Amino acid sequence: MASFKPKKEHRFSFGLWCTANRGRDPFGEETRARLDPITNIKELGKRNVYGFNYHDDDLIPFGANLQLRNKIIKQTKQVMKDYNIVCSMATTNLFYHRIFKDGAFTSHDPKVRAFALQKVMKNMDLGAEFGANTYVFWGGREGAEVDAAKTPEEAIKRYRECMNFLCAYSRKQGYKFRFAIEPKPNEPRGDIYFATAGHVLAFIETLDYPDMVGVNPEIEHSRMAGLNTYHDFAQAMEAGKLYHVDLGAQKPNRFDQDLRFGSEDIKETFFVVKLLEDNNWAGTRNFDEHPYRSEDEKGVWNFVEGSMKTYLILWDKVNQFNKDKKIQQILKDIHGSDPALEGIMKHFSSEGADKLRKQAFDPMAISKKRLPYEELDQRVQELLMGVH
Ligand code: GCO
Ligand code: MN
Ligand code: MN
């Protein structure tokens, strides 16, 4: 790993829309030429990227005829084979076309909701054909600026109806999909429903097939809301619901910057990598981010290579952390152990509760235990800065 060169076994993946991003923003036109999806997949594969993700429209232009559709499908399968790259995730573009101007699953218009379902079903068929087993739902337009127009309760009910419908469709077709809902607090809507990983986790439990559905947290989106990304990812993992991840970087409390992985928030990012690697997390290490608008076509590939290299460097830092004697000693010292009390607290019993009520504690003595977090954090800091 010391060369920090990506290998297929590292299971890195990118969305086709990341590398095909042309640098457009609300204030300026594109700065790069269009990258066709087949070249895109090929260039990713050549750089030892394990998988690609796509929205239906990234691959097959909206409204394409059957002939064009079949041609692109054939070319995609060929390039996947030639460059040893899999399709790791499929998703639907339910935000670009103006039919989705006020949402897809949460639109007032049953025709819009039905069209959205049809679009998802068609792309699930295609995703399954490409061998994807994760399907992401990012409800970018599922939100509001005018709260008088649509109540959140109504929106949530409509969204649930659509998710239940699609879970049932996947089962009926015999697909292996696990669905991952991706939260985002705002942009492009003033407010988006299901703003955080916590909102998604709570919602999943109300679905007909909760086991099929998990979360796709994105570093940038957590930080847009000023949240701790590491905590967000960890809570989803602890719930057994971390079905996919979107890695990137973001200055907090701003518009979605989709910066190159690790280019901001290095300590928090380190703990995200530590979480995934220490737990041997089974999913792909997936990047969802955009090259700077100021870059040319060559810079796009610097961005791809840089993201994977940073991940491998942070992974190496994780191994250093786990082997660092000083860090490990401090961690050992700060974790108390009291088997008798721990036994009582683990599961409630009347007897245990009685014992606990009678137990004598010396709060002042207990509070004297040293917690050398200054030393610990400084050591981690030095490790990240490359001193050790
Ligand atoms: C964003 C989103 C999107 C989604 C993608 C998948 O940047 O706001 O992350 O990139 O992840 O569209 O549907
Ligand atoms: Mn984003
Ligand atoms: Mn994303």
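All values derive from a computational prediction rather than experimental measurement. (Residues numbered from 1 in each chain as written. Chains lettered and ligands numbered in written order. Predicted model: local features only at pLDDT ≥ 70, side-chain atom pairs only at ≥ 80, totals over all residues. Heavy atoms only, no water.)

S.K.: Explain the sheet that holds strand S3 (residues 86-91) to me, and be specific about the residues and the numbers.
M.R.: The strand order across the open sheet formed by 7 strands is S8-S6-S4-S3-S2-S1-S9, and the pairing between neighbours is parallel. Since the sheet does not close on itself, it has two edges, and those belong to strand S8 (213-215) and strand S9 (285-287), each with one partner. Sheet twist, expressed as the average angle between the axes of neighbouring strands with direction ignored, equals 30°. Sheet topology places strand S2 (residues 51-55) next to S3; 5 bridges connect them, and they run parallel. Note that in S3 the partner of Tyr54 across the bridge is Ala90. Along the sheet, helix H7 (residues 197-204) contacts strand S6 (178-182) and S8; its crossing angle with S8, the most-contacted strand, is approximately 170°. (Pairing = 2+ DSSP bridges. Helix = DSSP H or I, 4+ residues; strand = E, 2+ residues; numbered from the N terminus. Axes fitted to C-alpha atoms, helices over the stretch in contact; angles between N-to-C directions. Contact = heavy atoms within 4.5 Å.)

S.K.: Residue-level account of the nonpolar core, with values.
M.R.: Among the nonpolar cores identified, the biggest contains 89 residues, and Phe105, Met163 and Phe179 are the most heavily contacted of them. Top contributing element to this core by residue count: helix H11 (residues 297-323), with 10 residues. Both domain 1 (8-319) and domain 2 (325-384) contribute no fewer than three residues apiece to this core. When near neighbours in sequence (up to four residues on either side) are disregarded, Met163 contacts Phe105, Phe137, Phe179, Ile181, Phe203, Leu207 and Val213. Counting residues in each nonpolar core, the second largest holds 6 residues, with Cys18, Met89, Val136 and Tyr243 among its members. (Core = buried A, V, L, I, M, F, W, Y, C linked by side-chain atoms within 4.5 Å. Buried < 20%, exposed > 50% of the residue type's maximum accessible area, 1.4 Å probe, protein only. Domains from an automatic or database assignment.)

S.K.: Which residues make up the pattern of salt bridges, and what values do they have?
M.R.: For the structure on display, the rule yields 21 salt bridges. Between Asp278 and Lys274 there is a salt bridge, with its nearest N and O atoms 2.7 Å apart. Linking Asp278 with Lys274, this pair stays in helix H10 (residues 266-278), spanning 4 residues, or about one helical turn. The class for Asp278 is partly exposed, based on a relative accessible area of 39%. Among the residues examined, Lys274 registers a relative accessible area of 14% and is labelled buried. (Salt bridge = Lys/Arg side-chain N within 4 Å of Asp/Glu carboxyl O.)

S.K.: Can you break down the packing of helix H2 (residues 37-46) against helix H4 (residues 66-82) residue by residue, with the values?
M.R.: Running from N to C, H2 and H4 cross one another at 10°; their axes reach a closest spacing of 10 Å. Classified by the angle between their axes, H2 and H4 sit roughly parallel to one another. On the side of H2, the interface is formed by Ile38, Ile41 and Lys42, while H4 contributes Ile72, Gln75, Thr76 and Val79. In terms of residue class, the contact of H2 with H4 is made up of 4 nonpolar, 2 polar and 1 charged. (Parallel < 35°, antiparallel > 145°, perpendicular 65-115°, else oblique. Nonpolar A, V, L, I, M, F, W, Y, C, P; charged D, E, K, R; others polar.)

S.K.: Before we move on, could you go through the domain arrangement of the protein and cite the residues and values that matter?
M.R.: The domain architecture assigned to the protein consists of domain 1 (8-319) and domain 2 (325-384). Between domain 1 and domain 2, the residue contacts involve 5 residues of the former and 5 residues of the latter. Interface of domain 1 and domain 2: buried area, both sides summed, is about 450 Å²; carbon and sulfur atoms make up 70% of it. Its largest share of buried area at the contact with domain 2, domain 1 owes to Lys267, Phe270 and Lys317, together 85% of the area lost on that side. The interface formed by domain 1 and domain 2 holds 1 salt bridge in total. On the surface where domain 1 and domain 2 come into contact, there are 3 residue pairs in polar contact (both at pLDDT 80 or more). Of all elements in the fold, only H10 and H11 reach the threshold of two or more residues within the side of domain 1 that touches domain 2. The biggest single contributor to the side of domain 1 that touches domain 2 is H10, with 3 residues. Grouping the amino acids of the side of domain 1 that touches domain 2 by side-chain chemistry returns 3 nonpolar, no polar and 2 charged. (Buried area = accessible area lost by both parts, 1.4 Å probe. Polar contact = N/O pair within 3.5 Å; in protein donor to acceptor, adjacent residues only side chain to side chain.)

S.K.: Describe the site of ligand 1, listing the residues and the values that go with them.
M.R.: Contacts to ligand 1 come from 13 residues, most closely from His55, Glu182, Lys184, Glu218 and Asp288. One of the side-chain nitrogen or oxygen atoms of Trp17 is found 3.4 Å away from an oxygen atom of ligand 1. Asp288 has a polar side-chain atom sitting 2.8 Å from an oxygen atom of ligand 1. Contact with the protein chains covers 95% of the free accessible surface of ligand 1, which is 330 Å². Taken together, the residues of the shell around ligand 1 break down into 3 nonpolar, 3 polar and 7 charged. (Near = heavy atom within 4 Å. Areas by Shrake-Rupley, 256 points an atom, 1.4 Å probe, with all protein chains shown as cover.)

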